[in-house]
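# Commentary on secondary and tertiary structure
Here is how the chains run, residue by residue.
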There are 2 protein chains.
Amino acid sequence: MKFEFVLHCSRCGWQRDPEGTPGVCEVCGAPLLVDYPLEQLAEHFRPESVEGRPWTMWRYREVMPLAVDEHPISLGEGGTPLVGIPRLAQRAGVAEVWIKDEGLNPTASFKARGMSAAVTRAAAGGAPGFVAPSAGNAAGALSAYGARAGLPVRVYMPKDTPAPIVAECRALGADVVLINGVITDCGVLARAYARDTGYFDVSTLREPYRVEGKKTMGYEICEQLGWDLPDAIIYPTGGGTGIIGMWKAFAELEALGWLPAGRRPRMHVVQSAGCAPIVRAWRQGTESAEPWTSPETVASGLRVPAALGDFLILRAIAASGGAAVAVADSELLRCADELLHCGIGACPEGGATLAALYQLRAAGHIGPDERVICFNTGAWLKYLE
Amino acid sequence: MKFEFVLHCSRCGWQRDPEGTPGVCEVCGAPLLVDYPLEQLAEHFRPESVEGRPWTMWRYREVMPLAVDEHPISLGEGGTPLVGIPRLAQRAGVAEVWIKDEGLNPTASFKARGMSAAVTRAAAGGAPGFVAPSAGNAAGALSAYGARAGLPVRVYMPKDTPAPIVAECRALGADVVLINGVITDCGVLARAYARDTGYFDVSTLREPYRVEGKKTMGYEICEQLGWDLPDAIIYPTGGGTGIIGMWKAFAELEALGWLPAGRRPRMHVVQSAGCAPIVRAWRQGTESAEPWTSPETVASGLRVPAALGDFLILRAIAASGGAAVAVADSELLRCADELLHCGIGACPEGGATLAALYQLRAAGHIGPDERVICFNTGAWLKYLE
């Protein structure tokens, strides 16, 4: 296989090529990220290049982790709607509110993007199967892409994961193990299983490609706004792959010359008050986040007490002039309901972004003339019990 | 409002303009269909016209029921993936199998398309609220688009409608009435409620615009195949709006000069053996279908004993050289499972199309060199109980 990208360590700069099934940095253990020859690409790769292509995240294939002429393992991920809701803009006291509705992905969540990219590369690199810990939606997505690739999947999930998600994984043929613990406990078991079996560990940021899938959310919102940018993004943050990915996307788009330099949106992170390690670290001004003890929230995607990419999330917030806020479960559920009454099938994590918008606006972090994008990361249906 | 289309009766040819909230033909009671000035449009409306537009069904706005400069009531419907699955093509003994995955629409089903179009027109025409009968997914879609429009919705559904769909309608703010009967019983109650309250009746083919939404499935598959056509389409048919709509789309695309004349795909209808009025009529060679007594099937979207557009469905099958087949519930569930093991979140109705493919291939209706599109009309998640 011929690759036109390389990998580098997000902390120490160590480099390697993409052959095989790369995991984390072999020197310092930090996440690896992908580098494309952007200067060279800028000469011929333009917004018009993607116009006639299919409405999936792979339309940006020049900046995606594919070998030359390779077909991705795809279920049509990406190309999700960006829905403007004037009613919410008026209520929040801002110029525009757009909902990026990631619930319209395969397996009804944003996790499809990352898993399509990760499974594509690991399957091509020779993985005999996949394993991952998940607080919810990632397991469904991995099960689907494993099935698509024709390879076995094992997932470890907390016992209190919503029942529809467990049922979904099993229907897709995955081997589901339910754990009396949180996602970090599941992660330990997943890594042990990977060591024992040779299955590839697709845990958040323990391989370099889920970020590449997630970054396409950044490409898409720019394309959907006519290659323009919002003023602020509000994103529900568990492992943080989306924030890290979108921040990378905006840098790439500047390097490609598709966006003007220095106009990137402010990145706002929302977590549940019952599990807010990034919010606490941001308030304390630290460079990384202490693990949260006894995480408790109805938003299973936010029940992530420690993120391997904490320092990258905090960097994106700081560099963009954003903020991190925590919202109560009651408030995020009320706001999910408010989104439902606008016709959006919002999950609790999606509700959290609207709750954060109200809070950020009240605190002056977001101004009255601004264009704001809130992410609904999954479909409401998966949380139905 | 200025309109550049007119309405005509599908049976007697009676015409009217689109002002207000048109229902069925005022002369003979048959469904009304929309006529666009296709010859005139052909002069400037070309495939390139839509390339840079958002990935929703409204990208074809010149042939959609919008007033000049009007914004539709949209949640990002359409733009669903067309996923090629070589594994299934090999099993079925055909050249290509593509799944059009309509479960990735808002409210997780193809019904979103029709409801977006119908609610857009009826809301602009002054409807104070909406009412509809539904065997399932249509109710969820209407609830969402009513919420998006800020107008109240009442839906009548059989008591055995899947629980997630009932819960979805209620979460979206609709007033749900569960009936001890089938969809035709619900229809009687919906029409009475519409008469009493002035609410607009959005029942299948009792207004002209749901067909317009559904026809975009035909436009999309052609665009996704690079403005080419499949050899055969297999579609799970309850009320039949999709078959009628796609057949209309192919005629429009020929008139626009976007597709060569005389190359339309064969339209294959699949129903459940427990409710197969169209299959029976097709076998008997009649022009319309007798209502099915005691319909029974797990595929709630196929539990439609009588379709107002029966004669239009039968005409499309005949004109295209297609066929109508019935499959047992056990078989359609087995095939939904087979799709799930390819990563597709297939509903029972989606499974029915794969079951029909095997049957049509075995009977020689579909040949070994053909390109076949099977429709998965909704997401599996909604049928989880």
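Criteria and cut-off values
- In every chain, residue numbers begin from 1 and rise along the written sequence.
- Chains carry letters from A onward and ligands carry numbers from 1 onward, assigned in written order.
- Given that this is a predicted model, residues contribute local features only at a pLDDT of at least 70 and side-chain atom pairs are listed and counted only at 80 or more, while totals for whole chains, interfaces and linings are drawn from all residues.
- No hydrogens and no water enter the side-chain calculation; it runs on all heavy atoms of the structure.
- Here the copies are matched by least squares. The fit uses the C-alpha atoms of residues with pLDDT of at least 70 in both.
- Where helices and strands are cited, they refer to DSSP runs of H or I of at least four residues and of E of at least two residues respectively, numbered from the N terminus.
- Residue burial is assigned from relative accessible area. The probe radius is 1.4 Å, only protein chains are included, and a residue is buried under 20% of its type maximum, exposed over 50%, and partly exposed in between.
- By definition in these notes, contact holds between two residues if any of their heavy atoms fall within 4.5 Å.
- Every angle, taken between N-to-C directions, lies between 0 and 180 degrees, and every axis is a line fitted to C-alpha atoms, over only the stretch in contact when it is a helix.
- Oblique is the label for any angle not under 35 degrees, not over 145, and not in the 65 to 115 range, which are roughly parallel, roughly antiparallel and roughly perpendicular in turn.
- Here a crossing is called left-handed whenever its near helix is offset anticlockwise from the far helix by less than a right angle, and right-handed whenever the offset is clockwise.
- Source of the domain bounds: an automatic or database domain assignment.
- Defined here as a combined quantity, buried area equals the accessible surface (1.4 Å probe) lost by two parts on assembly, summed across both.
- Counted as salt bridges are all cases of a side-chain nitrogen of Lys or Arg within 4 Å of a carboxyl oxygen of Asp or Glu.

## Here's the deal with the relation of the copies chain B and chain A
Between the two copies, chain B and chain A, the superposition gives an RMSD of 0.0 Å; the rotation angle is 180° and the shift along the axis is 0.0 Å. Each copy turns onto its partner about a two-fold axis. Residues of chain B ranked by C-alpha distance from the rotation axis are headed by B:Leu104, positioned 2.5 Å from it.

## Here's the deal with the environment of A:Val304
Residues and elements named next belong to chain A. Within the fold, Val 304 resides in the loop between α10 (277-284) and α11 (310-320). Overall, Val 304 belongs to the buried group, its relative accessible area being 10%. Separated by 290 residues in the primary sequence, Val 304 and Trp 14 place their C-alpha atoms 28 Å from one another. When neighbours within four sequence positions are excluded, Val 304 is seen to be in contact with Ile 183, Gly 238, Gly 239, Cys 275 and Pro 277.

## So, the packing of helix α5 (residues 137-149) of chain A against helix α6 (residues 163-171) of chain A
Residue and element names in this part refer to chain A. Where α5 contacts α6, the two axes come as close as 8 Å, and the packing angle between them is 15°. Accordingly, the angle class assigned to the pair α5 and α6 is roughly parallel. Of the two possible hands of crossing, α5 and α6 adopt the one that is left-handed. When α5 is examined against α6, the residues Asn 137, Ala 139, Gly 140 and Ser 143 are found in contact with a partner set consisting of Ile 165, Glu 168 and Cys 169.

## What about the domain arrangement of chain A?
All names here are of chain A. Split into domains, chain A comes out as domain 1 (6-62), domain 2 (82-108 + 208-383) and domain 3 (111-201). Placing a centre on the C-alpha atoms of domain 1 and another on those of domain 2 gives a separation of 23 Å. Both sides together, the interface formed by domain 1 and domain 2 hides about 1900 Å², and carbon and sulfur atoms give 70% of it. At the surface where domain 1 touches domain 2, the tally comes to 1 salt bridge.

## Regarding helix α6 (residues 163-171) of chain B
Considered for burial, the residues of α6(B) that qualify are B:Pro164, B:Ile165, B:Val166, B:Glu168, B:Cys169 and B:Ala171. On its buried face, α6(B) sits against α12 (329-340) of chain A together with α5 (137-149), β7 (153-158) and β8 (175-179) of chain B. One or two steps after α6(B), the chain reaches B:Gly173, where phi turns positive at roughly 95°.

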